[in-house]
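Listed below, chain by chain, are the residues.
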Amino acid sequence: MITAYITHPNCHLHHMGPEHPESPLRLDAIRARLMLSGVLQQTMQSDAVEASEEQLARVHPLRHLRALDKCVPDHGIVTLDSDTMMNPDSLKAARVAAGAVVRGVDQVFRGQADNVFCAVRPPGHHAEASDAMGFCFYNNVAVGAAHARAKYGARRIAILDFDVHQCNGTIDIFKDDPEVLVCTSFQFPFYPWRYLRSEWQNVVNTPLNAGTDSAAFRQAIEDDWLPALHAFKPEIVLLSSGFDAHREDPMAELCLEDEDYHWVTHMALEIAALYADGRLVSVLEGGYDLDSLGRSTEAHLKALLGLPFGE
């Protein structure tokens with residue numbers, strides 16, 4: 001298995017202040033853990049390129065993109081909402097984050113990699129078509145999905161999101177789109193407080209009570225996601241990989257373990273192998289306890305590489 005690892009130095013340029021949990025230290029923690037374990041050295045590493053305006057505009061109206069551009073400060077930090085701030089380089093980072101998923105989609109459709117992990121920030125899954133929120137500016141996974149459709153003619157695109165927060169942005173962009181299946185597991189009731197009870201046919205919601213453990217999580221995923229995925233038969237599988245449902249993460253109250261991320265990744269790979277010639281692209285979303293973030297990402301990468309969890 002060839003697993004590509006895509007990142008970019010510009011992802012470190014975005015910061016929202018010294019106390020903000022969505023910090024450049026997240027990518028440092030992931031890289032340090034993957035290097036220490038030897039997992040990073042088994043991947044095919046490359047740098048992202050910025051997503052173009054055309055690629056971003058497939059999911060975000062041009063007027064919104066221009067409005068975001070006008071928000072960029074010359075210095076310091078400006079606040080977009082209570083938890084989303086922007087510094088002079090934030091959109092530079094956001095463009096390479098979205099561009100990483102575009103590059104990943106290119107790699108799996110061209111046969112250059114079997115699967116891809118995009119170690120990027122800022123995250124994207126809360127970014128709605130016309131609203132930056134929840135630490136997110138552009139919806140990275142949505143930009144990748146739209147690229148798969150526009151460039152490679154993909155007509156069955158599955159987006160699986162196991163972040164502790166529901167992917168309101170991804171739902172906002174693709175609701176009622178029969179060519180995109182969105183499966184999302186999340187603590188409920190919880191942020192983002194919108195779309196939580198969505199009834200669109202192409203959205204599979206898996207709400208989880210605070211305190212949900214490994215066994216209950218796995219059962220819910222098997223019951224909710226697998227029938228929908230087998231019926232849909234995706235041509236590419238995209239993962240919004242948030243690691244903040246871990247029991248050690250301070251952001252919420254789900255109780256997943258490192259091994260659950262290996263398990264859910266393996267499940268997604270099996271779907272990709274059945275229907276999508278193995279094509280799978282994963283992009284980092286949440287995960288704010290630096291130690292568990294590193295370990296969970298290692299488990300995720302081991303599954304992508306075809307390695308057992310315990311090796």
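Note: the structure precedes this text.
Residues numbered from 1 in each chain as written. Predicted model: local features only at pLDDT ≥ 70, side-chain atom pairs only at ≥ 80, totals over all residues. Heavy atoms only, no water.

**Q** Help me understand the packing of helix α1 (residues 25–37) against helix α9 (residues 290–305), please; the structure alone is not making it clear to me.
**A** The relative placement of two packed helices is expressed as an angle between their axes plus a distance between the axes. Relative orientation of the contacting elements α1 and α9 amounts to 55 degrees, with a least axis distance of 8 Å. Taken as axis vectors, α1 and α9 run oblique relative to one another. In terms of crossing hand, the pair formed by α1 and α9 is right-handed. Across the interface between the two elements, Leu-25, Arg-26, Ala-29, Ile-30, Arg-33, Leu-34 and Ser-37 from α1 touch Leu-290, Leu-293, Gly-294, Arg-295, Thr-297, Glu-298 and Leu-301 from α9. Residues belonging to the contact of α1 with α9 are distributed by class as follows: seven nonpolar, three polar and four charged. (Axes fitted to C-alpha atoms, helices over the stretch in contact; angles between N-to-C directions. Helix = DSSP H or I, 4+ residues; strand = E, 2+ residues; numbered from the N terminus. Parallel < 35°, antiparallel > 145°, perpendicular 65-115°, else oblique. Left-handed = near helix turned anticlockwise from the far one by under 90°. Contact = heavy atoms within 4.5 Å. Nonpolar A, V, L, I, M, F, W, Y, C, P; charged D, E, K, R; others polar.)

**Q** Looking at this structure, I do not really get the sheet that holds strand β9 (residues 236–241). What am I missing?
**A** Neighbouring strands of a sheet are bound in pairs by backbone hydrogen bonds; such pairs are parallel or else antiparallel. The strand order β2-β1-β5-β10-β9-β6-β7-β8 describes an open sheet built from eight strands, whose pairing is parallel. Lying at the two open borders of the sheet, with one neighbouring strand each, are β2 (44–47) and β8 (203–208). Strand-to-strand, the axes of this sheet are offset by a mean angle of 15 degrees, without reference to chain direction. Contacting β1 (3–7), β5 (115–118), β9 and β10 (280–284), α9 crosses the sheet at an angle of about 165 degrees to β5. (Pairing = 2+ DSSP bridges.)

**Q** Would you mind going over the packing of aromatic side chains with me for this structure?
**A** For any pair of aromatic rings, the description consists of the separation of the ring centres together with the inter-plane angle of the planes. The final tally for this structure, using the stated rule, is nine aromatic pairs. Aromatic side chains Phe-186 and Phe-188 sit 6.5 Å apart centroid to centroid with 75 degrees between the ring planes, which places their arrangement in the edge-to-face category. For the pair formed by Phe-186 and Phe-188, the shared burial category is buried. Both rings, one in Phe-243 and one in Tyr-261, keep their centres 4.9 Å apart while their planes meet at 70 degrees; by these two values the pair is edge-to-face. Of the two residues, Phe-243 is situated in the loop between β9 and α8 (258–275) and Tyr-261 in helix α8; the sequence distance between them amounts to 18 residues. Each member of the pair, Phe-243 as well as Tyr-261, is classed as buried. (Phe/Tyr/Trp six-rings, centres within 6.5 Å; stacked < 30°, edge-to-face > 60°. Buried < 20%, exposed > 50% of the residue type's maximum accessible area, 1.4 Å probe, protein only.)

**Q** Got a minute to help me understand the pattern of salt bridges in this structure?
**A** As a working rule, side chains carrying opposite charge can pair if their charged atoms are close by. Using the criterion set out here, one finds 21 salt bridges in the structure. Taking the shortest distance from any N to any O, the salt bridge between Arg-121 and Glu-22 comes out at 2.7 Å. Note that Arg-121 is positioned in the loop between β5 and α5 (140–152) and Glu-22 in the loop between β1 and α1, a separation of 99 residues in sequence. Residues Arg-121 and Glu-22 agree in their burial class; the two are buried. The shortest N-O distance in the salt bridge between Arg-218 and Asp-260 comes to 2.8 Å. Taken together, the residues Arg-218 in helix α7 (residues 214–232) and Asp-260 in helix α8 connect sequence positions 42 residues apart. (Salt bridge = Lys/Arg side-chain N within 4 Å of Asp/Glu carboxyl O.)

**Q** Sorry, what's going on with the side chain of Thr-43 here?
**A** Secondary-structure assignment places Thr-43 in the loop between α1 and β2. What makes Thr-43 buried here is its relative accessible area of 10%.

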